[in-house]
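Letter by letter, the chains look like this.
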Amino acid sequence: MVASKGLRKGRFITFEGGEGSGKSTQVKMLVESLATRGIEAVATREPGGSPDAEVLRTALLSGLVAPLGPAAEAMIFSAARIDHLDKLIKPALARGAFVVCDRFADSTRAYQGALGNLSESFIDGLEHVTVGDSMPDLTFILDVPAEIGLARAARRRGDDAVDRFEAETIDFHRALLAAFHDIAERNPHRCVIIDAARRPNHVAALIWHQVEARLLSKTSLT
Ligand code: TYD
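What you are looking at is a predicted structure, and each value in this text was computed from that prediction instead of being measured.

Calculation notes
- Residues numbered from 1 in each chain as written.
- Predicted model: local features only at pLDDT ≥ 70, side-chain atom pairs only at ≥ 80, totals over all residues.
- Heavy atoms only, no water.
- Helix = DSSP H or I, 4+ residues; strand = E, 2+ residues; numbered from the N terminus.
- Rg over C-alpha atoms; globule rule 2.2 N^0.38 Å.
- Buried < 20%, exposed > 50% of the residue type's maximum accessible area, 1.4 Å probe, protein only.
- Contact = heavy atoms within 4.5 Å.
- Areas by Shrake-Rupley, 256 points an atom, 1.4 Å probe, with all protein chains shown as cover.
- Lys, Arg positive; Asp, Glu negative; His and termini not counted.
- Charge placed at Lys NZ, Arg CZ, Asp CG, Glu CD.
- Pairing = 2+ DSSP bridges.
- Axes fitted to C-alpha atoms, helices over the stretch in contact; angles between N-to-C directions.
- Parallel < 35°, antiparallel > 145°, perpendicular 65-115°, else oblique.
- Left-handed = near helix turned anticlockwise from the far one by under 90°.
- Nonpolar A, V, L, I, M, F, W, Y, C, P; charged D, E, K, R; others polar.
- Core = buried A, V, L, I, M, F, W, Y, C linked by side-chain atoms within 4.5 Å.

## What about the overall build of the protein chain?
Helix and strand content of the protein chain: nine helices and five strands. For the protein chain, whose C-alpha radius of gyration is 17 Å, the value lies close to the compact-globule estimate of 17 Å for 222 residues. With respect to the principal axes defined by its C-alpha atoms, the protein chain has extents near 45 × 40 × 30 Å. With 222 residues in all, the protein chain has 48% of them scored as buried. Taking the intrachain contacts of the protein chain between residues at least 6 apart in sequence as the baseline, contacts between residues at least 24 apart amount to 80%. Roughly 10,600 Å² of accessible area belongs to the protein chain as shown, and the carbon and sulfur atoms make up 57% of that amount. In the protein chain, 27 positive and 29 negative side-chain charges are present, and the distance between their average locations comes to 6 Å.

## Structural notes on the sheet that holds strand S2 (residues 41-45)
In sheet architecture, strand pairing relies on hydrogen bonds along the backbone and comes in two forms, parallel and antiparallel. Read across the open sheet, the five strands follow the order S2-S3-S1-S4-S5; overall the sheet is parallel. Either end of the sheet is taken by a strand with one partner, and the two such strands are S2 and strand S5 (191-195). When the angles between neighbouring strand axes are averaged without regard to direction, this sheet yields 20 degrees. Pairing of S2 with strand S3 (residues 98-102) involves five bridges; the strand directions are parallel. Pairing of Arg45 across the sheet is with Asp102, part of S3.

## Quick notes on the packing of helix H4 (residues 105-114) against helix H5 (residues 120-131)
Viewed as axis vectors pointing N to C, H4 and H5 meet at an angle of 155 degrees, and their least axial separation amounts to 11 Å. Relative to H5, H4 is oriented roughly antiparallel. The crossing of H4 and H5 is right-handed. Where H4 abuts H5, its residues Ala105, Thr108, Arg109 and Gly113 lie against Glu120, Ile123, Asp124, Glu127 and Val131. Considered class by class, the residues forming the contact of H4 with H5 number three nonpolar, two polar and four charged.

## Overview of the environment of Val65
By the element assignment, Val65 lies in the loop between helix H2 (51-62) and helix H3 (70-94). Among the residues examined, Val65 registers a relative accessible area of 6% and is labelled buried. Between the alpha carbons of Val65 and Ile76 there is a distance of 8.3 Å; along the sequence they are eleven residues apart. Ignoring any residue separated from it by four or fewer positions in sequence, one finds Val65 in contact with Ala59, Leu60, Glu73 and Ile76.

## Observations regarding the nonpolar core
In this structure, Ile13, Phe15, Leu30, Leu34, Phe140, Ile207 and Val211 are the most contacted members of the largest nonpolar core, which totals 23 residues. Mapped onto this core, the elements with two or more residues apiece are strand S1 (11-17), helix H1 (23-36), S3, strand S4 (138-143), S5 and helix H8 (200-216). Sorting elements by how many residues they give to this core places H8 first, with six residues. Residues contacting Leu34, with those up to four places away along its chain left out, are Ile39, Ala41, Phe98, Val100, Trp208 and Val211. One finds Leu85, Ile89, Ala92 and Ala105 within the second-largest nonpolar core, a separate group that totals 13 residues.

What follows is the structure in structure tokens.
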């Protein structure tokens, strides 16, 4: 199914980055800042975000899908994305809410596409049929050196087992950051790279400045 152009009164913001880049903290802080302004904001995440997509999330993060290879994995991330868009993201945007999502299609492009050596035409085609014209208005790429990100992810995890993606090597994470930088360079109007090695409050202030300038100013809301 090609995603149809729904009525879109709200704004769609996504966060991308490597492990331990602080995305979930920043999603929470941004939603709170928007709420303080009286703006309805919905926090969500991928893979998952809708009940059926959360089922696929469990399969994806358990490593059950990995043996099928990156192409099949990309398709299952996309299947989850279609349901998430239809059940949560598009209805929220249609009623005028802001949607703030922890990871979206750029993660498929970076993890399965760039790191999985899938062709650009495959990823472009998949993104087109999955997302269509529902691409984000604004994407923050949280940039932290791979070593710092992995150390933060390890601290957060404690004694829990590493998931399939956290188990990859430091080189994998460096290549991942390079892939996100490449996406940002190709989409300068949508993507903003944020130095996320700093304290959460400082990072949140950088993000808020961009949201105000790009999405809340008078001209951007007309
Ligand atoms: P999660 O525990 O949410 O990790 P993080 O805090 O890093 O976002 O797990 C999501 C994992 O799924 C993460 O390692 C990235 C991966 N992923 C893909 O490989 N492709 C995708 O399209 C998406 C949305 C996520």
